[in-house]
Amino acid sequence: KLMSSKTRGQTMKTLDMQPSRRQFIQQLGLGVAGLGLATNAPLVFANSTATLPFRQNAAPLLLHWNENSLGMSPNALSAAKTAIENCGNRYPDAAVDDFKLKLADLHNVKPEQIIFGNGSTEVLQAIATYAAQNNATMVEPSPTFGDLNGYCKAENLKVIQVLVGQNFEMNIAALKKQAMAQTGSVLLNICNPNNPTGNIVDFTTLFDWINNAPGTHMFLLDEAYFDYAQTNARYKSGLEIINQGKDNIVITRTFSKVHGMAGMCMGYGIATVTTARKIKPFAAGFNLSAAAIAAASAALDDKPFYKKSIEYNQLSKSILIDTLNELELAHIPSDA
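Just so it is clear, the structure is predicted and the values come from calculations on it, not from any experiment.

Chemist: How would you sum up the pairing of strand β2 (residues 137–142)? Please name residues and give values.
Modeler: For β2, a buried count of six out of six residues is recorded, marking the element as mostly surrounded by other parts of the structure. Alternating residues of β2 divide into Thr137, Val139 and Pro141 and Met138, Glu140 and Ser142, and every residue in both groups is buried. Bridging between β2 and strand β3 (residues 158–163) involves six bridges; their strand directions are parallel. Along β3, the bridge assignment pairs Glu140 with Gln161. Handedness of the β-α-β unit built from β2, helix α7 (residues 147–154) and β3 comes out right-handed. In this sheet, strand β4 (residues 186–191) lies alongside β2 in parallel orientation, the contact comprising three bridges.

What follows is the structure, given as structure tokens:
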């Protein structure tokens, strides 16, 4: 959980009173397995008799959902409430158009390039359905975020998974080899930063691949964790290539992570006008609520909260990594 400096101090004081940090993590109800560590230690659930008092009878902390413990911006919450009160009985067509213009201006693209989804996974579903029209083969690393895999299998597409390397980084050479071995259309699923590993693909390697790939190879760059990776000089969004006019790439974004709006289900994709027009027929219509639109618009305006959200994530990650290092537990370097 994300903590204030005062709460962090109290927690660390409690921590010092325990026999070991390993026992503290176990008693917390997480267990090292729940933290995604490279270990075979068992998960200790929150109803264990060994749990600390503040975790007694508490629900498990579902860290694998990657939800933002800060919640959404207070301004976003207020905007959502107002939208429900004022126009909860109306279809939000005008609000959708206004929000599309706002996003287009933010990303320096045309409104026609934006594909909305009730969560970014709905955009993934539309892309999978579009790929099925071309009888594409989907190629992706393993492990990675699994929703596109499920959508493609539902469309009876062939799915090829390529194991990540020993350092848990995507094996770009192997992914490229599998893609080039296919005779027809190919959909490349690149979650960057990757989920669940949290690491990135160096933009020079990725952009070179995209720029030199056959026109039948479509790249989906899932950028749900884009906001957290911007400080890494080796990372760039695929939006840069889209703005150069490349038609073989789509990026997806979500308000679920840095903006803390997982329960609102607001996501979108960006492609060139040409590619967006091909995908949009397979996207759902009337899929955004007045509350979600209002909240997302207010979230974009709340720059202090956005900054705070990133800073708190970095602070929490530092606390966790410092603890893991002290316990000599192996972990994957994360940019998310």
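Chemist: I'd like a rundown of empty space enclosed by the protein, residues and numbers included.
Modeler: Applying the stated criterion across every chain, the model contains one cavity of 30 Å³ or more. Taken as a whole, the largest cavity holds about 30 Å³ of empty space. Considering the residues around the largest cavity, the lining is formed by Leu124, Phe145, Asp147, Leu148, Asn189, Leu220 and Asp222. Counting residues per element, the ones that place at least two in the lining of the largest cavity are α7 and β5 (217–222).

Chemist: Give me helix α14 (residues 303–326): which residues, what numbers.
Modeler: Compared with an ideal rise of 1.5 Å per residue, which puts 24 residues at 34 Å, α14 spans 35 Å between its outermost C-alpha atoms and is within 8% of the ideal. Regarding α14, the residues found buried are Phe305, Ser309, Lys317, Ile319, Thr323 and Leu324. Of the residues that open α14, the one with a side-chain oxygen 3.2 Å from the backbone nitrogen of Phe305 is Asp302. Glu328, located one to two residues past α14, shows a positive phi value of around 60°.

Parameters and conventions
Residues numbered from 1 in each chain as written. Predicted model: local features only at pLDDT ≥ 70, side-chain atom pairs only at ≥ 80, totals over all residues. Heavy atoms only, no water. Buried < 20%, exposed > 50% of the residue type's maximum accessible area, 1.4 Å probe, protein only. Helix = DSSP H or I, 4+ residues; strand = E, 2+ residues; numbered from the N terminus. Pairing = 2+ DSSP bridges. Right-handed = clockwise from strand over helix to strand, strands pointing away. 1 Å grid on protein atoms, 1.4 Å probe; cavity = no way out; pocket = protein on both sides within 12 Å on 5 of 7 lines; lining within 4 Å. Points joined across faces, edges and corners; volume = space filled by probe spheres on them. Expected span 1.5 Å × (residues − 1). Polar contact = N/O pair within 3.5 Å; in protein donor to acceptor, adjacent residues only side chain to side chain.

Don't take any of this as a statement about function, it's just geometry.
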